[in-house]
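The primary structure of each chain is shown beneath.
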There are 2 protein chains.
Amino acid sequence: MRTDLTASEAQRLILDATRVLGPETVAIPAALSRVLAETIVATRDLPPAPNSAMDGYAVRAADLAGASAERPVRLRVAFEVAAGAHVAAVLAAGEAARILTGAPIPSGSDSVVRQEDVARDREQILVRVAPLPRQHVRERGEDVRCGERVLEPGVSIGPAEVGMLAALGRGVVSVRQRPRVAILSGGDELVELGGDVGNGRIVASNSYSLAAQCRELGAEPVHLGIARDDPEDLERRFRAGLRADVLVSSAGVSVGDRDYVRPVLEKLGCTLVFWGVKIKPGFPVCFGRFATGDGPLVFGLPGNPVSALLTFEQFVRPALRKMTGHQVLFRPLVRATLAERLEKPPGRLHFVRVELERRGSQVLARSTGTQSSGALRSMTLASGLLIFPAEETLLAPGDSADVQVLDESFFHSSEPGF
Amino acid sequence: MRTDLTASEAQRLILDATRVLGPETVAIPAALSRVLAETIVATRDLPPAPNSAMDGYAVRAADLAGASAERPVRLRVAFEVAAGAHVAAVLAAGEAARILTGAPIPSGSDSVVRQEDVARDREQILVRVAPLPRQHVRERGEDVRCGERVLEPGVSIGPAEVGMLAALGRGVVSVRQRPRVAILSGGDELVELGGDVGNGRIVASNSYSLAAQCRELGAEPVHLGIARDDPEDLERRFRAGLRADVLVSSAGVSVGDRDYVRPVLEKLGCTLVFWGVKIKPGFPVCFGRFATGDGPLVFGLPGNPVSALLTFEQFVRPALRKMTGHQVLFRPLVRATLAERLEKPPGRLHFVRVELERRGSQVLARSTGTQSSGALRSMTLASGLLIFPAEETLLAPGDSADVQVLDESFFHSSEPGF
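Quick caveat: nothing in here was measured; it's all calculated off a predicted structure.

A. A look at the overall build of chain A. From N to C terminus, chain A includes seven helices and 29 strands. The C-alpha atoms of chain A give 32 Å as radius of gyration, which overshoots the globular expectation for 418 residues (22 Å, by more than 25%). A buried classification covers 52% of the 418 residues belonging to chain A. Residue pairs in contact within chain A that sit at least 24 positions apart in sequence constitute 71% of those at least 6 positions apart.

Shown next as structure tokens:
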């Protein structure tokens with residue numbers, strides 16, 4: 001087991017041990033926000049037949065050469081084309097067919113004139129424009145041709161992709177599985193929500209915040225409850241989580257007397273890869289894996305609410321993104337200007353919870369106040385985590401630093417852009 | 001009814017008619033990504049009692065004045081403090097108490113020394129540091145004080161907020177309701193997924209893409225199916241959607257012969273506010289409301305797949321965001337540099353589907369190819385919509401324009417920042 005790693009060494013070890021999950025087949029509405037696990041090849045042309053892009057009249061362009069508002073050309077309305085129906089009739093010279101948007105272009109015609117460019121006179125029309133051939137005609141296969149590769153594996157499925165799959169007649173699609181994340185809290189001071197909070201006991205709130213972090217990523221949390229400070233209870237609960245893809249425990253990974261976690265994990269066949277990362281908050285984070293390769297990735301996160309949220313963010317989240325099939329694993333980074341002085345001793349990278357504010361082309365970062373690892377409130381106020389590098393000791397007002405943006409509404413606009 | 005509006009006039013009329021939905025009470029895991037509808041006032045202190053931030057020993061700082069590695073001070077370990085238990089014992093002068101992270105500080109002690117700074121010798125410890133009073137003590141109420149306002153209405157609930165609510169003992173919370181959006185497709189050329197696509201018939205894919213757009217926003221789609229080109233069928237289906245918050249119909253809002261939508265809506269008591277917005281794609285979009293104020297907002301979107309997605313994006317999405325209680329209603333905007341020449345006639349604002357690429361500090365925008373309103377494929381390739389203003393006719397390579405960013409992974413990073 002390694003110890004005292006840098007954040008980047010720790011993350012590398014984790015991602016090297018992380019495999020993309022297998023595929024599963026889901027109905028297309030359930031594929032939204034999932035990652036495609038197959039190549040989608042079109043099995044039909046879209047549109048399936050030449051059709052009208054406008055409400056108007058199907059015509060023969062040659063009949064209308066020279067037509068204008070001053071010299072309109074008269075055509076006989078021979079028939080009407082209904083959408084979605086077989087068209088038997090063939091358009092002859094001097095004829096037009098009434099046609100609506102989406103209806104198939106009848107044989108014999110090669111163009112559509114918009115109804116705004118026509119005056120109707122009972123069974124005849126007066127056409128005031130000379131259309132080009134194929135004008136207002138959507139050609140067969142114009143959008144997608146049968147046999148064409150339309151979507152590639154690894155694509156994140158959004159509304160347009162869902163619509164495309166439906167248009168191609170795909171009711172189900174193969175996507176990457178959602179990671180199942182077993183979550184355990186540990187410690188005799190913890191109670192479930194609604195439990196007795198006398199004698200300094202506190203709600204096991206990490207179960208809730210970690211589960212929410214999972215769901216935000218599309219992962220599925222599985223609650224293993226609260227383990228007592230007792231190796232047997234811990235082992236029983238860990239066993240219940242061995243079928244998950246990831247097992248996250250918040251507590252019991254310190255060097256304290258109640259550190260039962262390591263021996264219990266080892267008994268179950270899990271090898272600890274590292275313990276202790278040179279970051280603050282969150283130093284006592286650990287990571288383990290099963291030598292057999294069929295057990296979950298195991299993360300031991302500190303019990304402090306902020307440390308738990310933050311180490312999940314840095315180490316568990318990228319692994320879950322990779323499992324889910326995403327190529328880009330990390331939060332947005334912005335270069336921000338410090339609005340205040342920050343100091344620390346060298347040796348550990350600090351994640352400073354900051355509020356971000358746009359000031360012209362600059363982004364200002366300001367600490368949310370106390371940076372104690374107990375101060376959950378500071379996390380509710382933070383829109384980002386400023387990276388104060390391990391060997392730096394001073395960031396002065398006006399200095400710049402990278403900030404991981406947690407709150408993506410930071411990018412949203414109060415203007416539509418028009 | 002107004003017609004030929006600018007995009008911004010249309011959006012203003014819609015947002016003026018849009019009301020924030022009422023509150024509902026949900027369990028806190030279900031509150032994730034919802035908007036808080038109440039003020040959260042702390043009903044307890046967090047932490048609830050002074051407790052240890054470290055594994056180590058509770059001490060009296062005065063006993064250790066002058067302690068150092070060279071001159072360690074010896075204390076007797078009088079008792080152990082268990083987490084979550086009542087502590088009856090009181091620390092006397094010359095004594096220490098074994099304590100673990102999170103356990104309450106016993107009476108008589110005022111500081112904690114880390115176990116790394118101590119050598120244990122059976123029932124005694126040798127302390128090599130002189131702690132400050134209150135060192136490694138997390139004070140009662142340090143994070144949150146009872147009576148304090150912790151979260152304000154309008155806040156978007158993320159994992160830290162969920163954790164905070166749990167820590168405060170809140171099992172349920174009041175949030176803004178999710179909008180229910182009734183979705184109707186119309187046209188005889190449309191079939192349900194799996195239906196017969198002969199004679200130019202196509203799958204009603206807009207139902208799928210519009211529903212996905214709703215779900216991405218946290219709104220709840222309600223499928224009204226496919227209306228035939230028949231006023232009675234249309235009326236029956238519209239009636240089924242009158243209890244929704246929003247009714248979206250894609251089709252039948254053109255000026256064509258099959259425009260049954262307007263009379264049917266009027267019969268149901270809906271007044272059309274506008275029809276026709278000077279944009280491309282998407283001109284024939286309409287918006288209606290019920291004079292009584294208790295019916296849904298009604299959007300008639302064009303039937304073309306791209307026009308439907310795009311007019312939802314511009315007009316329905318901001319309304320749903322407002323209903324849901326969000327303050328910031330619009331997509332991120334980036335200023336992009338054109339990689340190619342774009343031309344159009346004046347008169348309508350064009351939304352050009354573009355791919356975005358970062359090149360140093362610049363963002364390059366390149367058209368995804370055909371901009372036909374039928375070309376759903378172009379939407380699957382687009383990471384943004386470039387705004388080509390109504391009265392402009394030329395954008396040359398190197399010119400810059402605003403782009404609405406549809407694909408928020410554009411902001412994500414391939415590096416963690418450390």
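Here the narrative resumes.
B. Inspection of the nonpolar core at higher detail. Counting residues in each nonpolar core, the largest one holds 100 residues, and the members touching the most others are Val246, Val248, Leu386 and Val403 of chain A. No other element matches the 10 residues that helix 6 (residues 305-323) of chain A contributes to this core. Apart from the residues lying within four places of it in its own chain, the contact partners of Val403 of chain A are Leu333, Val334, Ala336, Val354, Leu356, Ala365, Gly384, Leu385 and Leu386 of chain A. By size, the runner-up hydrophobic cluster in this structure holds 98 residues, among which are Phe238, Leu265, Val277 and Met323 of chain B.

C. Inspection of the relation of the copies chain A and chain B at higher detail. Under the fitted operation, chain A is carried onto chain B by 0.0 Å of movement along the axis and a turn of 180°, and the coordinates agree to an RMSD of 0.0 Å. Such a combination of rotation and displacement between the chain copies is what one expects of a two-fold axis. A share of 100% of the interface residues of chain A reappears at the interface of chain B, consistent with the copies meeting face to face through the same patch.

D. Quick peek at the confidence of the model for chain A. When pLDDT is averaged across chain A, the result is 93; 98% of the residues are at 70 or more. Across the interface, the model reports ipTM at 0.93; the global pTM reads 0.94.

E. Main features of the interface of chain A and chain B. Listed as interface residues are 94 residues of chain A and, on the opposing side, 94 residues of chain B. When residues of the side of chain A that touches chain B are traced back to their parent elements, those giving at least two are helix 1 (7-17), strand 12 (149-151), helix 2 (159-167), strand 16 (202-203), helix 3 (205-216), helix 6, helix 7 (376-381) and strand 29 (400-405) of chain A. Sort the elements by how many residues they give to the side of chain A that touches chain B and helix 3 of chain A lands first, with nine residues. For the side of chain A that touches chain B, the residue count by class is 45 nonpolar, 31 polar and 18 charged.

F. Representation of the packing of helix 3 (residues 205-216) of chain B against helix 6 (residues 305-323) of chain B. All names here are of chain B. Two elements in contact, helix 3 and helix 6, have axes separated by 10 Å at closest approach and are oriented at 25°. Between helix 3 and helix 6, the interaxial angle falls into the category roughly parallel. Along this stretch, helix 3 crosses helix 6, giving a crossing that reads as right-handed. Residue-level contacts link Ser205, Asn206, Ser209, Leu210 and Gln213 of helix 3 to Pro305, Ala308, Leu309, Phe312 and Arg317 of helix 6. Partitioning the contact of helix 3 with helix 6 into residue classes produces five nonpolar, four polar and one charged.

G. Structural view of the sheet that holds strand 7 (residues 95-99) of chain A. Residue and element names in this part refer to chain A. Read from one edge of the open sheet, six strands run 8-5-7-6-10-9, paired in mixed fashion. Of all the strands in the sheet, the pair left with one neighbour each is strand 8 (111-114) and strand 9 (118-121). Put simply, the sheet's adjacent strands are angled 40° from each other on average, direction ignored. For strand 9 and strand 10 (residues 124-127), the ladder comprises four bridges, and the chain directions are antiparallel. Counterpart to Arg120 in the pairing with strand 10 is Ile125.

H. How the structure looks around the sheet that holds strand 18 (residues 246-250) of chain A. Residue and element names in this part refer to chain A. Strand order in the open sheet formed by seven strands is 1-19-21-22-18-14-17, with mixed pairing between adjacent strands. Edge strands, defined here as strands with exactly one partner in the open sheet, are strand 1 (2-5) and strand 17 (220-227). Direction aside, neighbouring strands of the sheet carry axes that sit 20° apart on average. Two strands pair when backbone bridges link them, and strand 14 (residues 180-186) and strand 17 are joined in this way by six bridges, in the parallel orientation. Looking across to strand 17, one finds that Ser185 is bridged to Ile226. The strands touched by helix 4 (residues 231-240) within the sheet are strand 14, strand 17 and strand 18, with strand 17 carrying the most contacts at an inclination of about 170°. The strands touched by helix 6 are strand 18, strand 21 (286-290) and strand 22 (297-301); relative to strand 22, the strand with the most contacts, the crossing angle is about 165°.

I. Representation of helix 6 of chain A. Residue and element names in this part refer to chain A. In a regular helix each residue adds 1.5 Å, so 19 residues correspond to 27 Å; helix 6 covers 25 Å between its end C-alpha atoms and thus fits that length. In the structure, helix 6 departs most strongly from a straight axis at Glu313, where the bend amounts to approximately 45°. Burial within helix 6 is extensive, with 17 of its 19 residues counted as buried. Positive phi appears at Gly325, one or two residues downstream of helix 6, with a value of about 100°.

J. Local environment of the domain arrangement of chain A. Once the domains are mapped, chain A shows domain 1 (2-22 + 178-323), domain 2 (24-44 + 148-176), domain 3 (51-138) and domain 4 (333-411). Computed from C-alpha coordinates alone, the two centres of domain 1 of chain A and domain 3 of chain A are separated by 68 Å.

K. Representation of the environment of Met323 of chain A in the model. Residues and elements named next belong to chain A. Within the element layout of this structure, Met323 appears in helix 6. Take Met323: there are 24 C-beta atoms within 10 Å of it, and that puts it in the buried class. Taking the C-alpha atoms as reference points, Met323 and Gln213, 110 residues apart in sequence, are found 15 Å from one another. With residues up to four places along the chain from it excluded, the contact list for Met323 reads Thr18, Val20, Leu21, Pro179 and Asp245.

L. Representation of unusual backbone geometry within the structure. The omega torsion across Leu46 of chain B and Pro47 of chain B is -10°, close enough to zero to call that bond cis. Note on placement: Pro47 of chain B falls in the loop between strand 3 (40-41) and strand 4 (51-52). For the bond from Lys280 of chain B to Pro281 of chain B, the omega torsion is -5°, close enough to zero to count as cis. The topology assignment puts Pro281 of chain B in the loop between strand 20 (279-280) and strand 21 (286-290). The backbone phi angle of Arg122 of chain A is positive, close to 50°, even though this residue is not glycine. Take Arg122 of chain A: it is sitting in the loop between strand 9 and strand 10. Taking the C-beta count within 10 Å as the criterion, Arg122 of chain A has 6 such neighbours and is therefore assigned exposed. In the Ramachandran plot, Asn199 of chain A falls in the positive-phi region, its phi being about 50° despite a non-glycine side chain. Classification of Asn199 of chain A by C-beta neighbours within 10 Å gives partly exposed; the count is 15.

Quick notes on the rules
- Residues numbered from 1 in each chain as written.
- Chains lettered and ligands numbered in written order.
- Predicted model: local features only at pLDDT ≥ 70, side-chain atom pairs only at ≥ 80, totals over all residues.
- Helix = DSSP H or I, 4+ residues; strand = E, 2+ residues; numbered from the N terminus.
- Rg over C-alpha atoms; globule rule 2.2 N^0.38 Å.
- Buried ≥ 20, exposed ≤ 12 C-beta atoms within 10 Å, placed from the backbone.
- Contact = placed C-beta atoms within 7 Å.
- Core = buried A, V, L, I, M, F, W, Y, C linked by C-beta atoms within 7 Å.
- Least-squares fit on C-alpha atoms with pLDDT ≥ 70 in both.
- pLDDT = per-residue confidence, 0-100.
- Nonpolar A, V, L, I, M, F, W, Y, C, P; charged D, E, K, R; others polar.
- Axes fitted to C-alpha atoms, helices over the stretch in contact; angles between N-to-C directions.
- Parallel < 35°, antiparallel > 145°, perpendicular 65-115°, else oblique.
- Left-handed = near helix turned anticlockwise from the far one by under 90°.
- Pairing = 2+ DSSP bridges.
- Expected span 1.5 Å × (residues − 1).
- Bend = angle between axes of the 7 residues up to and from the residue.
- Domains from an automatic or database assignment.

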